[in-house]
Amino acid sequence: MDLGIAGKRALVCASSKGLGRGCAEALAEAGVNLVMNARGAEVLEAVAADIAGKYGVEVTAVAADVTTEEGRAKVLAAAGDVDILVTNAGGPPPGTWTDWARDDFIAALDANMLTPIALMQALVPHMQKQGWGRVVNITSQSVKAPIPVLGLSNSARAGLTGFVAGTARQVAGSGVTINNLQPGIHATDRATSLDAGVANAQGITADEAQKQREATIPAQRYGTAEEFGATCAFMCSQYAGFMVGQNILLDGGAVNSTM
């Protein structure tokens, strides 16, 4: 399917690996030129070169911590005016509600709520002016169904979801859509880390921890970065102009919900 976005320009955050890379690859395959961001320069530049060579698109790599004001300024300066924004940041550490102090919540809010908002505030006005734009925020299934050990993520990402719900409806008339993509467990470094924590707590192997978690997913497996990226690319396509302020759950059926 021709997604109708060849030649457009996208900023994809945290895109050197995992779900962010999956989104970057899928957009590049659709002919979108990329500004890719991550904290580690070496891996980022290697992935950017690989994507540019594979898909024949322009790729600019910007190594910076986008959750800081300095890093965000660097990324925005390199990005300029883009047509597509994909926000993404690693989730805060797991724990229980008694573990976290104010600073822990502030850090989670900065990474998973305030940074995406700042990027939207910087980039959406141009999209409105040109009459077309797409924003996809990678959030989490925890917004739909809170995960007890991920209270920091539950809180910050729910706040972002509330912001998007109102803002998306204010900008839709100018041809700009803002939506959220909610991953369940996918085969990424984050899943490996969570499985390692379970394995350590229960005295089992990481493979056993993965199989244990897969048994709770109706699809009986973890998702892949490739299928996640394909969903993101569709949400950025010419066909998604009537999708406004939605939360698209991609979790293999793990969240047991009618709506």
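The structure under discussion appears in the preceding block.
As the structure is a computational prediction, the values presented were derived from the model and not from experiment. (Residues numbered from 1 in each chain as written. Predicted model: local features only at pLDDT ≥ 70, side-chain atom pairs only at ≥ 80, totals over all residues. Heavy atoms only, no water.)

Caption draft 1: Region of the structure containing unusual backbone geometry. Phi is positive for A14, close to 50 degrees, though the residue is something other than glycine. Mapping A14 onto the fold places it in the loop between β1 (9-12) and α1 (18-29). The backbone of Q220 sits at a positive phi, close to 65 degrees, despite the residue not being glycine. Here Q220 is to be found in the loop between α7 (206-214) and α8 (225-235). (Helix = DSSP H or I, 4+ residues; strand = E, 2+ residues; numbered from the N terminus.)

Caption draft 2: Inspection of the layout of surface pockets at higher detail. In this model, the second largest pocket occupies a volume close to 200 Å³. Looking at the second largest pocket, the residues that line it are G18, R21, G22, E25, A26, E29, Y55, A225, E226 and A230. Looking at the lining of the second largest pocket, the elements that each hand over two or more residues are α1 and α8. A per-element tally of the lining of the second largest pocket places α1 first, with 6 residues. Among the residues making up the lining of the second largest pocket, the classes are represented as 4 nonpolar, 2 polar and 4 charged. (1 Å grid on protein atoms, 1.4 Å probe; cavity = no way out; pocket = protein on both sides within 12 Å on 5 of 7 lines; lining within 4 Å. Points joined across faces, edges and corners; volume = space filled by probe spheres on them. Nonpolar A, V, L, I, M, F, W, Y, C, P; charged D, E, K, R; others polar.)

Caption draft 3: Local environment of α8. The complete set of buried residues in α8 reads A225, F228, G229, C232, A233 and M235. Considered in projection along α8, the buried side chains sweep an arc of 155 degrees and stay on one side of the axis. (Buried < 20%, exposed > 50% of the residue type's maximum accessible area, 1.4 Å probe, protein only. Arc of directions from axis to C-beta.)

Caption draft 4: Focus on empty space enclosed by the protein. Applying the stated criterion across every chain, the model contains 1 cavity of 30 Å³ or more. The calculated volume of the largest cavity comes to roughly 80 Å³. What lines the largest cavity is a set of 14 residues, among which T87, N88, A89, A111 and P116 lie closest to the centre. For the lining of the largest cavity, the elements supplying multiple residues, two or more each, are α4 (102-130) and α5 (151-171). Broken down by element, the residue count for the lining of the largest cavity peaks at 5 residues, all from α4. Considered class by class, the residues forming the lining of the largest cavity number 8 nonpolar, 5 polar and 1 charged.

Caption draft 5: View of the state of the cysteines. Following the criterion strictly, the structure yields 0 disulfides and no others. In this model C13 remains outside any disulfide bridge; the closest cysteine sulfur is found in C23, 11 Å from its own. (Disulfide = S-S within 2.5 Å.)

Caption draft 6: A look at the pairing of strand β5 (residues 133-138). Summarising burial for β5: 6 of the 6 residues are buried, a large majority. In β5, alternate side chains face the same way, and those of G133, V135 and N137 on one face and R134, V136 and I138 on the other are all buried. The sheet contact formed by strand β4 (residues 84-87) and β5 spans 4 bridges and is parallel. Directly across from T87, in β5, lies its bridge partner N137. Taken together, β4, α4 and β5 constitute a β-α-β crossover, and its handedness is right-handed. Where β5 and strand β6 (residues 176-183) come together, 6 bridges link them in parallel fashion. Residue pairing in the sheet places V136 in a bridge with N179 of β6. Taken together, β5, α5 and β6 constitute a β-α-β crossover, and its handedness is right-handed. (Pairing = 2+ DSSP bridges. Right-handed = clockwise from strand over helix to strand, strands pointing away.)

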